[in-house]
Amino acid sequence: LAKQGESTKCQDSRHSAQGSPQQCGHRHQHSWVRTGTQTEKNEECTRNKKSNPHVSDLCPCPDKSDELLKSSVWKDPPSYQPAEGAGLLLSRFGCAFATKMATSIALSLDNLPSDPLLLVLSFLDLRDLSSCSIVSRRFNELTGHNPLWKRLCQKHWLLTEEDKIRSGTSWKDLFRQYYADLGRYIDSYKGVREEELDTIEAQIGCKLPNDYRCSYRIHNGQKLVVPGLMGSMALSNHYRSEDLLDIETAAGGFQQRKGMKQCLPLTFCFHTGLSQYMALESIEGRIRSEMFYQCPDQLAQDPAAIDMFITGSSFTDWFTSYVDNVVTGEYPIIRDQIFRIEMSKSALPEQACQLDSRYWKITNANGNVEEVRGPGVVGEFPVMTPGKVHEYASCTTFSTTSEYMEGHYTFHRLKNKEEVFDVSIPRFHMVCPPFRESTVRSNSSDTDDYEEGEMRGMNMADPGGRCPRHI
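For the structure given in this document, a descriptive report is provided here. (Residues numbered from 1 in each chain as written. Predicted model: local features only at pLDDT ≥ 70, side-chain atom pairs only at ≥ 80, totals over all residues. Heavy atoms only, no water.)

1. Observations regarding the overall build of the chain
Link 1 in the chain: Looking only at helices and strands, one finds 13 helices and 15 strands in the chain.
Link 2 in the chain: Relative to its 471 residues, the chain shows a buried fraction of 38%.
Link 3 in the chain: For the chain, contacts bridging at least 24 residues in sequence account for 56% of all contacts bridging at least 6.
Link 4 in the chain: For the chain, the accessible area works out to roughly 27,200 Å², and carbon and sulfur atoms hold 53% of it. (Helix = DSSP H or I, 4+ residues; strand = E, 2+ residues; numbered from the N terminus. Buried < 20%, exposed > 50% of the residue type's maximum accessible area, 1.4 Å probe, protein only. Contact = heavy atoms within 4.5 Å. Areas by Shrake-Rupley, 256 points an atom, 1.4 Å probe, with all protein chains shown as cover.)

Below is the structure:
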C-alpha cells in the first residue's frame, strides 16, 4: 500500500471527481478510505464481489464487518475527503481479518484432504514426523502412511523393496526393527551427506556398496595424516601408517587402467605408497565389494598382471575384522617393538643375567622346518637385572601363506658365567591374507578364462633369493 497522502490516483473515476487523490476502503494500490453514504458503499462492494470473489472477505460491508461500518470515519453527506483515522481503520480491519483467518484455519485443518497433508509430511525428518504423530488422531493416522516410512527406511538404513518383502512387515514396522538396533547412530551422521555420495557415484560411474555409504555417513575418513586409522607400525626398517581415505581423495584415485579396472582406493600408506582397494564390479577375476592389496607380478611381461592379497569379502567384513583383531589383542598395539624381554621386579640381585644367543624353529604351511641360531638379538646382548625391560624389533620372510615359530633365548648368570639356562619362547603364528593370482599371466593371453573365487598358494621368492633372516 502506498503511504497516506501519496499522489496516486484511484482507478475508479468516481473517486477523483475533485481532481485530487481520494481515500478509498476497497482493494486499490494505495491506503485511501472512501467516505460516502451506506447505499453507495454497499453497491460498490457488490460490484467488487462480482469481479473478485475474494474481496468479500476484505471489503468492510455490513454483512462482513458491521463494527467497522459504525466507525467515525464513515461520514455523510457523500463527499470525497482524505480520512482522518485511516490508520485506525486499517488496524481494526487487519485485526478482524487476522482473527477470521486464524479461526478459519483452526476449524478446517482436520477437514483438509489427505494428499496435501501427506505431501507436507513427506518433507519432515524422523523427529518431526514422530512429533506430528501425537498432535491429533488425524495426524497420528497420516504419519503412519507407509510411503513416509519407506523414504526413511531408504534414507537411514538403505533398505529396498526386497528387504521389505523378506521381512513380511510394513515399512513402519521395518523401520522400528532397524531403529531398535541402529537408531543410536542416526545422530552420529556427521560425515558425508547422501547428496555428496550420489555425486561421487556419478563422477566415477559406479554404485558404491551400501555398507560403505553408511560408514561414510558417520565418518569421512582422514585427510592424509599420521598416524593412520587403519594401522601404524615401525618394525626394524619397515614403516607403515595406513590412512582411511576421505571420499573425495578416494574418488580422485579411482582406477580404470587394465588390471585394476573399477577399483576404488580405501587406504594409503605414506611410507610404502601402497593402498588397499575395493572392487566395485566383478571383473578381471575380482568379486564385487572385495577388499585387496595389489601385488604386481614382476615376472610377467604384461604390467596388467596384478595379483591380490584378499583382505575382506566386503567393506563390513574388512573393517569389523580389523577392529575385532585390535580389540581382542590379535593385533597388539605396539610402539617400536614386537619382542619384549622382561625380568621380574621380585627377582633377587644375584639372578641378574645376560643374553647370549637365540634359537628359532620355523615351520611353514607345507610342514617344512627351518632352524635359525645366532648370537644375541639384532646385534645386542642385553644385561637383565630385576625390573629391567628390553624391547627390540625384528622381521623375517617366509615362502608360504602361513607359518608358525617357536624357540628360546640362552642366558648366563653374571656372577657365574658357567651357569647357562634357556628361556622358552611360546609358539606364535604368522598368516598372510588369502592370495589370488591375476587373470593376466606371462604365458597366457588376455582372454584366458578365470575361475572366480579360486585361491592359490604363493611363492613370494625363490628359496635361493630370500632375504637373510634377522630374527
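What follows continues from the structure just given.
2. A word on unusual backbone geometry
Link 1 in the chain: We note that L158 has phi near 55°; this positive angle belongs to a residue other than glycine.
Link 2 in the chain: Within the secondary structure layout, L158 lies in the loop between α7 (146–157) and α8 (161–167).
Link 3 in the chain: A relative accessible area of 15% means that L158 is categorised as buried.
Link 4 in the chain: Phi is positive for E284, which is not a glycine, with a value near 55°.
Link 5 in the chain: For E284, a relative accessible area of 23% puts it in the partly exposed group.

3. A short note on the pattern of salt bridges
Link 1 in the chain: For the structure shown, the criterion picks out 15 salt bridges.
Link 2 in the chain: Notably, a salt bridge pairs R213 with E194, separated by 2.5 Å at the nearest N-O pair. On the criterion of sequence distance, the pair formed by R213 in helix α11 (residues 210–218) and E194 in helix α10 (residues 194–204) is long-range, its members being 19 residues apart. Assigned by exposure class, R213 and E194 land together as buried. (Salt bridge = Lys/Arg side-chain N within 4 Å of Asp/Glu carboxyl O.)

4. Quick word on the packing of aromatic side chains
Link 1 in the chain: Per the stated rule, a full pass over the model turns up 18 aromatic pairs.
Link 2 in the chain: What links up through ring pairs into an aromatic cluster is the set W149, W157, F175, Y178 and Y179. (Phe/Tyr/Trp six-rings, centres within 6.5 Å; stacked < 30°, edge-to-face > 60°.)

5. Structural notes on the packing of α7 against helix α9 (residues 171–182)
Link 1 in the chain: Between α7 and α9, the least distance of the axes is 8 Å, while the angle of their chain directions is 30°. As for how α7 packs across α9, the hand of that crossing is left-handed. Across from N146, W149, K150, L152, C153, H156 and W157 in α7, the residues of α9 making contact are W171, K172, L174, F175, Y178, Y179 and L182.
Link 2 in the chain: Considering only residue class, the contact of α7 with α9 consists of ten nonpolar, two polar and two charged. (Axes fitted to C-alpha atoms, helices over the stretch in contact; angles between N-to-C directions. Left-handed = near helix turned anticlockwise from the far one by under 90°. Nonpolar A, V, L, I, M, F, W, Y, C, P; charged D, E, K, R; others polar.)

6. Concerning the side chain of E403
Link 1 in the chain: Along the chain, the position of E403 falls in strand β13 (residues 402–413).
Link 2 in the chain: Its relative accessible area of 4% is what places E403 among the buried residues.
Link 3 in the chain: Contacts of E403, omitting those with residues within four sequence positions, involve I362, T363, N364, A365, F398, F428, H429 and M430.

7. Brief notes about the sheet that holds strand β6 (residues 291–296)
Link 1 in the chain: With respect to topology, five strands assemble into an open sheet ordered β3-β5-β6-β7-β15, the strand pairing being antiparallel. Two strands lie at the open edges of the sheet, namely β3 (263–265) and β15 (435–436), each paired on one side alone.
Link 2 in the chain: Pairing of β6 with strand β7 (residues 306–312) involves six bridges; the strand directions are antiparallel. By the bridge assignment for β7, Q294 is matched with M308. (Pairing = 2+ DSSP bridges.)

8. A word on the state of the cysteines
Link 1 in the chain: The final tally for this structure, using the stated rule, is zero disulfides.
Link 2 in the chain: Not engaged in a disulfide, the cysteine C263 finds its nearest cysteine sulfur in C206; these two sulfurs lie 9.4 Å apart. (Disulfide = S-S within 2.5 Å.)

9. Overview of the pairing of β7
Link 1 in the chain: With six of seven residues buried, β7 is to be regarded as a mostly interior element.
Link 2 in the chain: In this structure, β7 lies alongside β15, joined through two bridges in antiparallel fashion. Within β15, the residue paired with F309 across the bridge is F435.

10. A short note on α9
Link 1 in the chain: Given a rise of 1.5 Å per residue, twelve residues ought to cover 16 Å, and the 16 Å separating the end C-alpha atoms of α9 matches this to within 8%.
Link 2 in the chain: Residues of α9 that are buried include every one of W171, L174 and F175, and no others. Here the buried residues of α9 occupy an arc of 100° about the axis, which is enough to place them on one side. Away from its buried face, by an angle of more than 90 degrees, α9 presents the exposed residues R176 and A180.
Link 3 in the chain: Elements that come into contact with the buried residues of α9 comprise α5 (126–132), α7 and α8. (Expected span 1.5 Å × (residues − 1). Arc of directions from axis to C-beta.)

11. Considering helix α4 (residues 114–121)
Link 1 in the chain: For α4, the set of buried residues is L117, L118 and L121. Angularly, the buried residues of α4 cover 100° about the axis, an arc narrow enough to put them on a single face. α4 presents D115, L119 and V120 as exposed residues on the side facing more than 90 degrees away from its buried surface.
Link 2 in the chain: Where α4 is buried, its residues touch α5, α6 (137–142) and α7.

12. Some words on a nonpolar patch on the surface
Link 1 in the chain: Taken together, the side chains of L224, V226 and F270 present a nonpolar region at the surface, about 270 Å² in accessible area.
Link 2 in the chain: The residue V226 is located in the loop between α11 and β1 (232–235) in this model. (Patch = residues over 30% accessible without salt bridge, like charges linked within 9 Å, V, L, I, M, F, W, Y side chains within 5 Å.)

13. Quick notes on the pairing of strand β9 (residues 353–364)
For a regular strand, side-chain orientation follows a simple rule: the groups alternate between the two sheet faces.
Link 1 in the chain: Bridge analysis of β9 against strand β11 (residues 383–384) gives two bridges, and the strand direction is antiparallel. By the bridge assignment, Q354 is partnered in β11 with V383.
Link 2 in the chain: Examined bridge by bridge, β9 and β13 share eleven bridges and lie antiparallel to one another. Note that in β13 the partner of Y359 across the bridge is H408.
Link 3 in the chain: Judged from the seven bridges that link them, β9 and strand β10 (residues 369–375) form a sheet pairing that is antiparallel. If you follow R358 over to β10, its bridge partner there is G374.
Link 4 in the chain: A loop of four residues connects β9 with β10, the two strands running antiparallel in sequence, and G367 in this loop sits at a positive phi of about 90°.

Honestly, that's just the spatial picture; any functional story needs more than this.
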